[in-house]
Amino acid sequence: MTNITSATRVGFIGLGITGQSMAGHLLAAGHPLSVYNRSRDKAAALLGKGAVWCDTPGDVAARSDVVITMVGYPSDVEQVWLGPDGVLARCSRDALLIDMTTSSPELARRIASQAAAHACQALDAPVSGGDVGAREAKLSIMVGGSKEAFEAALPILKLLGSNIVHQGEAGAGQHTKMCNQIVIASTIMGVCEGLAYGKAAGLDLPTVLKSIGAGAAGGVQLNVLGAKIINGDFAPGFFIEHFLKDLGIALAEAQRMKLDLPALALARKLYTTLVERGLGRLGTQALAQYYGVRP
Ligand code: NAP
C-alpha cells in the first residue's frame, strides 16, 4: 500500500466545477500531478502551474501512485475506470484509486473487486459541500472501502476536505451520499415552496430570509441557495442534470430495498420537468422557476 508523502505522484481525472479546485490543492501541496479531462481546455490553468497533461485515463494511471476521478455520471466512471485505456488497465500494483464522483453503489463495489484483482485498492469517496467546499478544501468526504485503504488515503483526502469519515466497505460511501441527496431533495423543495408562499403573501423576501434563515429552518439550502434565488442567480454550483442523476440512483436503490420514498419521487418529477424545459445546466436552486418565485 502506498505510503503517502508530498512526493507521491497523483493523477486527477475530471477537471470540472469541483475537480478543478481539488486538483489545484494537490498541486499546491507539492504532489507531482498528472491530469486528464474530456475537454482539454479545462486543464489549462493547472498545466500553467506545473501539472502534466495525459492523453488517456490509462496514461494518468501509468504515471501515478494515487489516482482520483471526479467525472460526471456512472457511465463516465465506467468508461474512465474500466474502459480499454482506463485506470485499471494501466495502474501499477499497489496503486491507491479513489473515485470521488457521485455514482452508483453497485458500480463502486464492482470497481473495488476488479481493482483487487489488479492488486490495487479502490475507494468510493463522494463529497458534499459543493463548488465552495471544493474551492476552500472544506468538503465532507464519505468513504467506502477497506479501513487500510482509507487510512492510507487520509493524507490526500485531508488536502481536499475538513470532514472525512469511513462509512464501511465498498459502496458505503456512495450509499451515504445518497442519504445526503435524499435530505437535500426535500429541503430544496421546502425552500422553494416557502419563498413562493412569501412572495404570494406580498412579503419582502430578503426580509423573510433575515428571520427564517436565523431560525430552525436555517441551513445551506435556505441561506445560500435561498439567497441566490432571491437575487435571481441560477448559475450552477451544482448542475440540475447531475442532481437528477443522483435522484435516479437513490430511487433505484430504494426500490431495490423495497423502500417507499414519496418525497424523493416528487423531487425527481419536478427536476425532470426542469430538464425537459432545457434548464438542466442551471444550478439546483433553479427549482424556484418551477414555482414561479423568479422567472
Ligand atoms: P462537472 O463540472 O461537469 O465536471 C465533471 C468533469 O469531468 C468535466 O470537466 C468533464 O469533462 C469531465 N468528464 C466527464 N466525463 C468524462 C470522461 N468520460 N472522461 C474524462 N473526463 C470526463 O461536474 P462537477 O460539478 O464538478 O461534479 C462532478 C461530480 O461530482 C458529479 O458526479 C457530481 O454529481 C458530483 N458532485 C458535484 C458537486 C457540486 O456542487 N458541483 C457536489 C458534490 C458532488 P468536460 O469538461 O468535457 O465536460
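Look a little higher up for the structure.
Okay, so let's go over this structure. (Residues numbered from 1 in each chain as written. Predicted model: local features only at pLDDT ≥ 70, side-chain atom pairs only at ≥ 80, totals over all residues. Heavy atoms only, no water.)

Okay, the pairing of strand β4 (residues 66–69) next. A two-sided burial pattern is seen for β4, the buried positions comprising V66 and I68 on one face and V67 and T69 on the other. Pairing between strand β1 (residues 10–13) and β4: 4 bridges, direction parallel. When the sheet's bridge partners are listed, I13 is paired in β4 with T69. Inspection of the sheet shows β4 paired to strand β5 (residues 96–99) by 4 bridges, in the parallel sense. Of the residues in β5, the one forming a bridge with I68 is I98. (Buried < 20%, exposed > 50% of the residue type's maximum accessible area, 1.4 Å probe, protein only. Helix = DSSP H or I, 4+ residues; strand = E, 2+ residues; numbered from the N terminus. Pairing = 2+ DSSP bridges.)

Turning to the nonpolar core, a few remarks are in order. Among the nonpolar cores identified, the biggest contains 55 residues, and F12, L33, I68, L97, I98, M100 and I141 are the most heavily contacted of them. Among the elements that take part in this core, helix α8 (residues 147–157) stands out by supplying 7 residues, more than any other. Apart from the residues lying within four places of it in its own chain, the contact partners of M100 are M22, I68, T69, M70, A125, P126, V127, I141, L157 and L160. In terms of nonpolar packing, the next biggest core, distinct from the first, is built from 33 residues, M178, L251, L274 and L287 among them. (Core = buried A, V, L, I, M, F, W, Y, C linked by side-chain atoms within 4.5 Å. Contact = heavy atoms within 4.5 Å.)

Turning to helix α11 (residues 220–230), its buried residues number three or more, namely Q221, L222, L225, G226, I229 and I230. The buried residues of α11 occupy an angular sector of 145° when projected down its axis, which confines them to one face. Packing partners of the buried residues in α11 comprise α9 (172–200), α10 (205–212) and α14 (288–291). (Arc of directions from axis to C-beta.)

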